Amino acid sequence: MKTKTPHQSTLLGHLQVVLAMCIVGSSVVAGKFISMEMPVFLASFVRFFLAAVVLIPLNYCMTGRLVRPVRSDMVLLTLQAFFGVFLFSVCMFLGLKQTSALKAGVIMGMLPAVTAVVAVLVLKERLSPRYLVGIALSVAGAVVLELRGASGAAVLGDSIYGILLILGAVVCEALFSVIGKMAGLTIPPVTMTTWMAIIGVILFLPYSIVEALAFDFAAVSPRVWLLLLYYALVVTVLGFMLFYVGLAKISTVAAGVHMAWVPLSAMLIAVLFFGEPFGLAELTSALSVVAAVLVVSAGGKEAAPRPASEVLQQ
């Protein structure tokens, strides 16, 4: 059987993370429809509950009985779920209530740069010239994409609290990637995804109960139930597993660059399925993000991350 070379394995990792980010981008469109009919905590609980129902038997088939990770890994998984699943959703939802979607999109375009900074500070990863170029291209592409409708629109005057909440969501997503890099060394991707779903259910449960008591489930359309199923099976199960598998092969900085695919893929879905216009700004953004991916994928095998135990002992 022919084995993959280190370069082939790294390239595959880049492609897996890109695909995971595209799936996340599709969730933006799906989430818009879901949020119109269901409150955020209840919808999130249903999403992770459905994912857990699928993942627990899937994990059994792939790796055997679900085993509780060692204490250090469990701490990391809990922190990852708290920042990247729970707190990210809360910051984004509340932030959008107090600031414009345009301003939120521009701030989200800073994800690659923020992830790079967190990876350097926590994991001591190095920013090579090609990473710096890739970060610049990805940030530029995301900002151009989100500013495409800014002509004549007011971007000032938004609540400073809303802006800070969106920035908090960006930091939470960056922490999700960095912590995932530390936890992914000793736990299979399907097991990590299973525990993320279980922890997500636990975190959202108290708030979802409050919302469920006053919610009319009969009013939810079949389309939204199908979108929730998509959110659970594709975004959570497939998306998380692809992300973990790919992240084990590449650096966190490189994964952060690929986060620029989130707004880009959401835009492409809107163009293809909802007839939104595709002009020079969209083309410029797409080319910029693709160029960023080519730049960061051009190197060889990624440097090995620091062990989780070493980081936690700091």
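Provided above is the structure to which this section pertains.
Residues numbered from 1 in each chain as written. Predicted model: local features only at pLDDT ≥ 70, side-chain atom pairs only at ≥ 80, totals over all residues. Heavy atoms only, no water.

Please clarify how the overall build of the protein should be interpreted in this entry.
A tally of regular secondary structure across the protein gives 13 helices and zero strands. Taking all 314 residues of the protein together, 51% fall into the buried category. For the protein, the accessible surface area stands at approximately 14,800 Å², while carbon and sulfur atoms represent 73% of it. (Helix = DSSP H or I, 4+ residues; strand = E, 2+ residues; numbered from the N terminus. Buried < 20%, exposed > 50% of the residue type's maximum accessible area, 1.4 Å probe, protein only. Areas by Shrake-Rupley, 256 points an atom, 1.4 Å probe, with all protein chains shown as cover.)

Even after reading the chapter, I still don't get the environment of Leu11, so can you show me in this structure?
Locating Leu11 in the fold gives a position in helix α1 (residues 6-37). A residue is classified by how much of its surface remains accessible, and Leu11, at 37% relative accessible area, is partly exposed. Put simply, Leu11 and Lys249 are 238 residues apart on the chain and 8.4 Å apart in space, counted from C-alpha to C-alpha.

What's the story with the nonpolar core in this structure? I'm lost.
The tendency in soluble globular proteins is for nonpolar side chains to be buried as a group. Residues Met21, Ile34, Met38, Met196 and Phe243 are the most contacted members of the largest nonpolar core, which totals 81 residues. With 13 residues, helix α9 (residues 222-247) is the largest single contributor of residues to this core. Sequence-distant contacts of Ile34, defined by excluding residues within four places in its chain, comprise Ala43, Val224, Leu227, Leu228 and Tyr231. Of all hydrophobic cores here, the second largest spans six residues; its members include Phe88, Cys91, Met92 and Ala169. (Core = buried A, V, L, I, M, F, W, Y, C linked by side-chain atoms within 4.5 Å. Contact = heavy atoms within 4.5 Å.)

I'm lost on a nonpolar patch on the surface in this one. Help?
On the surface, a cluster of nonpolar side chains totalling about 770 Å² of accessible area is made up of Leu268, Leu272, Phe273, Phe278, Leu280, Leu283 and Leu287. Among the secondary structure elements, those contributing two or more residues to the nonpolar patch are α11 (261-274) and α12 (280-296). The residue Leu268 is located in helix α11 in this model. Residue Leu268 is classed as partly exposed on the basis of its relative accessible area of 31%. (Patch = residues over 30% accessible without salt bridge, like charges linked within 9 Å, V, L, I, M, F, W, Y side chains within 5 Å. Salt bridge = Lys/Arg side-chain N within 4 Å of Asp/Glu carboxyl O.)

I would appreciate a short explanation of helix α2 (residues 40-63) in the present structure.
With 24 residues, α2 ought to run about 34 Å at 1.5 Å a step, and its terminal C-alpha atoms sit 33 Å apart, in line with that. Of the positions making up α2, those classed as buried are Phe41, Leu42, Ala43, Ser44, Phe45, Val46, Arg47, Phe48, Ala51, Ala52, Leu55 and Asn59. Once α2 ends, the next one or two residues include Gly64, with phi positive near 100 degrees. (Expected span 1.5 Å × (residues − 1).)

I would appreciate a short explanation of the packing of aromatic side chains in the present structure.
What describes a pair of aromatic rings is the distance from one ring centre to the other and the angle between the planes of the rings. Under the definition given, this model contains 15 aromatic pairs. Ring pairing ties together the aromatic residues Phe41, Phe48, Phe82, Phe83, Phe86, Phe204 and Tyr207, which thus form one cluster. (Phe/Tyr/Trp six-rings, centres within 6.5 Å; stacked < 30°, edge-to-face > 60°.)

Would you mind going over the packing of α2 against helix α8 (residues 189-213) with me for this structure?
Any two packed helices are characterised by the angle at which their axes cross and by the distance between the axes. One way to put it is that α2 packs onto α8 with a least axis distance of 7 Å and a crossing angle of 150 degrees. In terms of their interaxial angle, α2 and α8 are classed as roughly antiparallel. Crossing geometry of α2 relative to α8 is assigned as left-handed. When grouped by side-chain class, the residues that make up the contact of α2 with α8 number 21 nonpolar, eight polar and one charged. (Axes fitted to C-alpha atoms, helices over the stretch in contact; angles between N-to-C directions. Parallel < 35°, antiparallel > 145°, perpendicular 65-115°, else oblique. Left-handed = near helix turned anticlockwise from the far one by under 90°. Nonpolar A, V, L, I, M, F, W, Y, C, P; charged D, E, K, R; others polar.)

I tried to follow the packing of α8 against α9 on my own but got confused; where do I start?
Here α8 crosses α9 at 130 degrees, and the two axes come no closer than 9 Å. Considering their axes alone, α8 and α9 lie oblique with respect to each other. Along this stretch, α8 crosses α9, giving a crossing that reads as right-handed. The residues of α9 that touch α8, namely those facing Pro189, Val190, Met192, Thr193 and Met196, are Thr236, Val237, Phe240, Met241, Tyr244 and Val245. In terms of residue class, the contact of α8 with α9 is built from nine nonpolar, two polar and no charged.

Help me understand the environment of Val170, please; the structure alone is not making it clear to me.
You can see Val170 is positioned in helix α7 (residues 160-183). Note on Val170: relative accessible area 0%, which makes it buried. Each C-alpha atom of the pair Val170 and Leu111 lies 5.9 Å from the other, and the pair is 59 residues apart in sequence.

In this structure, what is going on with the environment of Ala255? I would like to understand it.
Along the chain, Ala255 falls in helix α10 (residues 252-258). On the basis of relative accessible area, Ala255 is assigned to the buried category, the value being 0%. Along the chain, Ala255 and Thr115 lie 140 residues apart, while their C-alpha atoms are 8.4 Å from each other. When sequence neighbours within four positions are dropped, the list of residues in contact with Ala255 reads Val17, Leu247 and Ile250.

Shape is all these values report; function is a separate question.
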